[in-house]
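Structural overview for review
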Amino acid sequence: MSGRLRISALVAVAALLVLPLTGPAVAADGPTVELSKSQAGTGGSITVSGGWRSHALLMLLICGQSEPSRGVIGGTNSCANADGRAVTTDAKGRFSRKLPVAEPPVPCPCVVHVATVTGATAQADAVFQVAGHAVQPLPAQTAEGRLSVLTDTRLDGSSGLLTWFGAPPSRTLVFTVGNVGSEPVKNPVFQVGTSHGVFAPQWDDQQWRGSIAPGKKAQIRLPVELTAGAHGDYTVSLKYGGRVLAEQPWGVGRPWGVTLFWILLCLVVPAAVFRVGMAVVDRVRPRRAGRPVRDFLPLRWRLPRLRTGDRTATPTSTTSALPWFTPDSGPGTAGRLSAPHHDSPTSPTTPTTKGPT
């Protein structure tokens, strides 16, 4: 009896050791999503788990008007974006995250939509029912042409001087699509979205004018523009028919002109305030006798006065000022107080009278 117990115990231990090793391979056939509940009401929560590639950043959303075979028809506009959650897979590609149940903005059928945020595009859906939420049938599929991206997307264009000072960066998204359907595609409407970091893309509808026959291809050029002052790592996404066709990274440089402007502003404003304050103090404070008044007006330039030697000084005196002469007794000044006259006793022009000898 004891031998049977030992054998059963050994078998149980071996099963416990082998069970983790014989589990399903993580992301062997692509991304997988599993839900702890297939139905829950608003206010509750479910656990979303599955397999993906290792160290991938994922976004979990509850989306309406969608099913796994057709995807999310309205894109992220059909999802409860405010109640979404992000999760990062481990080294083996496994992940598990609690997701609050919220009603999407469109009726069910609903799914839990899991998609990568950065890196290679990958997504997976799992059927989920929001209890108490309206349910409507999906729109019928029409037998129209289907477009597929044939070449890698690229962004043409460059930033100008205005972008360096905060103007909105703009590029042109260029790609080539082919019609793999049986009907021609006329004036297709693409959705171009831009996202920054872990935020969901902001989609913008853009219509391309033209027709693509079955089996033909065409080059599409669509403008892309960000907000003013945008900088950092952005992702440009292209969507058609409710499915994301391509993603293109876009690294936007920092507008250093705006930074330079603020630095100069921080230097000029304090200097102007200082000069105005000094001008006010100079006007208010009492002035001392014999002290020159300084002018601190901010818009007045103080230019140095030009001097040309001693020409601007007081005129020099022509009279010598020797220490042993006074101004009245200098050389050549004695005897000049009266009219000039000759000291000679006789003069040829002056008659003389002679008395009797």
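Read on for a plain summary of the structure. (Residues numbered from 1 in each chain as written. Predicted model: local features only at pLDDT ≥ 70, side-chain atom pairs only at ≥ 80, totals over all residues. Heavy atoms only, no water.)

**Side note on the state of the cysteines**
Enumeration over the complete set of coordinates arrives at two disulfides. Paired through a disulfide, C63 and C79 show a sulfur-sulfur distance of 1.9 Å. Note on the C63 and C79 pair: the S-S dihedral is about 95 degrees, so by sign convention the disulfide is right-handed. With C63 in strand β4 (residues 57-63) and C79 in the loop between β6 (71-72) and β7 (85-88), the pair connects residues that are 16 residues apart, well separated along the chain. The same class applies to C63 and to C79, which are both buried. When the cysteines of the protein chain that form disulfides are numbered from the N-terminus onward, they connect as 1-2, 3-4. (Disulfide = S-S within 2.5 Å. Helix = DSSP H or I, 4+ residues; strand = E, 2+ residues; numbered from the N terminus. Buried < 20%, exposed > 50% of the residue type's maximum accessible area, 1.4 Å probe, protein only.)

**Some details on unusual backbone geometry**
Peptide bonds are trans in most cases, and residues, glycine excluded, mostly fall at negative phi. Of note, the amide linkage connecting C108 to P109 takes the cis form, showing an omega dihedral of 20 degrees. One can find P109 in the loop between β8 (94-100) and β9 (110-116). One non-glycine residue, H55, lies in the positive phi region at around 55 degrees. When you line up the elements, H55 lands in the loop between β3 (45-51) and β4. Relative accessible area serves as the criterion here: at 59%, H55 is assigned to the exposed category. Positive phi, normally seen in glycine, also occurs at N187, with a value near 45 degrees. Among the structural elements, N187 can be located in the loop between β14 (185-186) and β15 (189-196).

**Considerations on the sheet that holds β15**
Overall, antiparallel pairing links the four strands, which are arranged β16-β15-β19-β20 in an open sheet. Every other strand in the sheet has two partners, leaving β16 (202-207) and β20 (243-252) as the edge strands with one partner each. Across this sheet, the average inter-strand angle for adjacent strands is 25 degrees, counted without regard to direction. (Pairing = 2+ DSSP bridges. Axes fitted to C-alpha atoms, helices over the stretch in contact; angles between N-to-C directions.)

**Comments concerning the sheet that holds β8**
As summarised here, the arrangement of the three strands in space is β1-β3-β8, forming an open sheet in which the pairing is antiparallel. Edge positions in the open sheet fall to β1 (32-35) and β8, since each of these has one partner strand only. With direction set aside, neighbouring strand axes in the sheet form an average angle of 25 degrees. Alignment of β3 against β8, held across seven bridges, turns out to be antiparallel. Bridging from a neighbouring strand, I46 pairs with L99 of β8.

**Details of the packing of aromatic side chains**
Inspection of every chain in the model, using the stated rule, returns five aromatic pairs. For the ring pair W164 and F165, a centre distance of 5.1 Å and an interplane angle of 85 degrees mean the geometry is edge-to-face. In this structure F165 comes out as partly exposed when scored by relative accessible area, which is 47%. Ring centres of F190 and Y240 lie 5.3 Å apart, and the angle between their planes is 45 degrees; this geometry places the pair in the tilted category. Placement of F190 in strand β15 and of Y240 in strand β19 (residues 232-240) is noted, with a sequence separation of 50 residues between them. Between K239 and the ring centre of W203, over which it is positioned, the NZ or CZ distance is 4.0 Å. (Phe/Tyr/Trp six-rings, centres within 6.5 Å; stacked < 30°, edge-to-face > 60°. Lys NZ or Arg CZ within 6 Å of the ring centre and 35° of its normal.)

**Regarding the pairing of β19**
Look at any regular strand and the pattern is simple: side chains alternate between the two faces of the sheet. Here six bridges tie β15 to β19, and the two strands are oriented antiparallel to one another. Bridge pairing in β19 places G193 opposite S237. The pairing of β19 with β20 spans nine bridges and is antiparallel. Note on β20: the bridge partner recorded for L238 is A246. The turn joining β19 and β20, which pair antiparallel and follow one another in sequence, is formed by two residues; a positive phi near 65 degrees is taken by G241.

**Some thoughts on the environment of P184**
Turning to its location among the elements, P184 is positioned in the loop between β13 (170-179) and β14. Residues P184 and G215, 31 residues apart in the sequence, show an inter-C-alpha distance of 9.0 Å.

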